[in-house]
Amino acid sequence: MHLLSEKLKKFTTDPNLLMVIFFAFFINGLMSTLLGTILPYMKAEYNISYALSGMLLSAHQVGNLAACIVAGFLPYLLGRKKSTLFLSTGTLIGMLLMTVTGNPLLLVAAFAFVGIGRGSTSVTSNVVVSEITLNKTKSLNILHATFAVGALLSPFLVIFLTGTLGITWRITPWAIFLLALIMLFVLGRSSLSDTPPSPNTSKGEKGFFYSFRFWLCTGILFFYLCAEATAIGWLVTYFKDSGIMSTTLAQSTSAILWVMILIGRLLCASFAGRINQSKLLIVMAVAMSAFYVLMISTRDIRIIFPALMGLGISMAGLYPTTLSCMDPRFVSSTAAMGTCVSTASFGAITMPIIVGIIAERTTIEGGMAAISVALVVLVILTVVNSVVSKPA
């Protein structure tokens, strides 16, 4: 651990805090794919419909939205450390609650609480990494790579425990509960600021409201999250209920997707600063759209898996690269980042429930096809971003 800390000194002013943030974001990744992976088990045991399943995924994003808004401004009252610890306890509540009841209202609350925990950690992590690292683009991609590692391991954990060992699906949320508890303890002992800052300490506190580029980047994230959150949340259910794959094989698709996302984010980190970020966004958006359409347009597994891998690679760096296109003042401001992430989270809230409603009235295939609309808008916005980023 000491050796790792020494190596990180080349990239950050506070290596110990950076390791803590990476660990926290790793836990965030575990939670991100856990919900979609265990949803089929919950759907079967609690006898919940497609519409309610979509509401649960959307409730998770509502919690994430609420946390992003509050996490952007609560530090000015409590300090960054206290506000993060307070909001992150939502993870503990949600993970326990979803394992003890099938009551629809309580399930919605459980998914919302997990979203609150994830959202607060996300805002804090992105802001802190932007503040304490020397290469923002590279560091943000590495941060999101740690997220991808957690997201990758979560489906394998569920498959191993439920499939190989035959243990109840509840054991995985309980395991995440323990890891989240450790995360809160480590954050509490870290050097994360515990003093409420002055609202005027950051130049990005007010300027972002009037920045077209800020809102353009926020729009890109909005439609990206429409596609990302919905595809990840519904992926296993789609392949299983459409009859394309067995439950175990369908669960493996989530893991494969995150393997490719991890590889893609590490590649983005290695090429940081060498490629024009705005042009890279266009390439990733176009590729993401093409691979997604290809994936849902066939029942041939020989085509689905390569398309799934291409989807993961192409979507990998879109979030951190979009943030790197934003004014550095705004990325280092909790108020600006809270506004950006919370606004973008509306995409992740609305799209899952839309897919659920369409699937309920037509088929799961019809619901998944609706994501294509968001991908078309995403491509258009990345092109606009490239145009406005060119020097006059």
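Given the structure is predicted, the values throughout are model-derived calculations rather than measurements.

Reading guide: rules and limits
Residues numbered from 1 in each chain as written. Predicted model: local features only at pLDDT ≥ 70, side-chain atom pairs only at ≥ 80, totals over all residues. Heavy atoms only, no water. 1 Å grid on protein atoms, 1.4 Å probe; cavity = no way out; pocket = protein on both sides within 12 Å on 5 of 7 lines; lining within 4 Å. Points joined across faces, edges and corners; volume = space filled by probe spheres on them. Helix = DSSP H or I, 4+ residues; strand = E, 2+ residues; numbered from the N terminus. Expected span 1.5 Å × (residues − 1). Buried < 20%, exposed > 50% of the residue type's maximum accessible area, 1.4 Å probe, protein only. Contact = heavy atoms within 4.5 Å. Polar contact = N/O pair within 3.5 Å; in protein donor to acceptor, adjacent residues only side chain to side chain. Phe/Tyr/Trp six-rings, centres within 6.5 Å; stacked < 30°, edge-to-face > 60°. Disulfide = S-S within 2.5 Å.

1. Overview of empty space enclosed by the protein
- Enumeration according to the criterion identifies two cavities of 30 Å³ or more in this entry.
- Lining the largest cavity are 26 residues; nearest its centre among them are Gln61, Arg118, Phe147, Leu225 and Glu228.
- If you list the elements that add at least two residues to the lining of the largest cavity, you get α2 (15-46), α3 (50-73), α6 (104-132), α7 (136-164), α10 (212-241), α11 (247-270) and α16 (334-361).

2. Details of helix α13 (residues 301-315)
- Compared with the 21 Å implied by 1.5 Å per residue over 15 residues, the 21 Å span of α13 between its first and last C-alpha is a close match.
- Buried within α13 are the following residues: Ile304, Phe305, Ala307, Leu308, Gly310, Leu311, Gly312, Ser314 and Met315.
- Next to the buried residues of α13 lie α10, α11, α12 (277-296) and α14 (318-324).
- N-cap assignment for α13: the residue whose side-chain oxygen lies 2.9 Å from the backbone N of arginine 302 is aspartate 300.

3. What to know about the packing of aromatic side chains
- Enumeration over the complete set of coordinates arrives at seven aromatic pairs.
- Ring centres of phenylalanine 214 and tryptophan 215 lie 4.9 Å apart, and the angle between their planes is 85°; on these two criteria the pair is classed as edge-to-face.
- The class of phenylalanine 214 is buried, set by a relative accessible area of 0%.
- Plain terms: the ring middles of phenylalanine 222 and phenylalanine 223 are 4.8 Å apart, the flat faces sit at 75° to each other, and that makes the pair edge-to-face.

4. A short note on the state of the cysteines
- Here the structure, examined in full by the defined rule, presents zero disulfides.
- Considering cysteine sulfurs only, cysteine 340 is the nearest to cysteine 226, which forms no disulfide, with 14 Å between them.
- Distance from the sulfur of cysteine 325, which forms no disulfide, to the nearest cysteine sulfur (cysteine 217) is 5.6 Å.
- Exposure remark for cysteine 325: the relative accessible area of 9% places this residue in the buried category.

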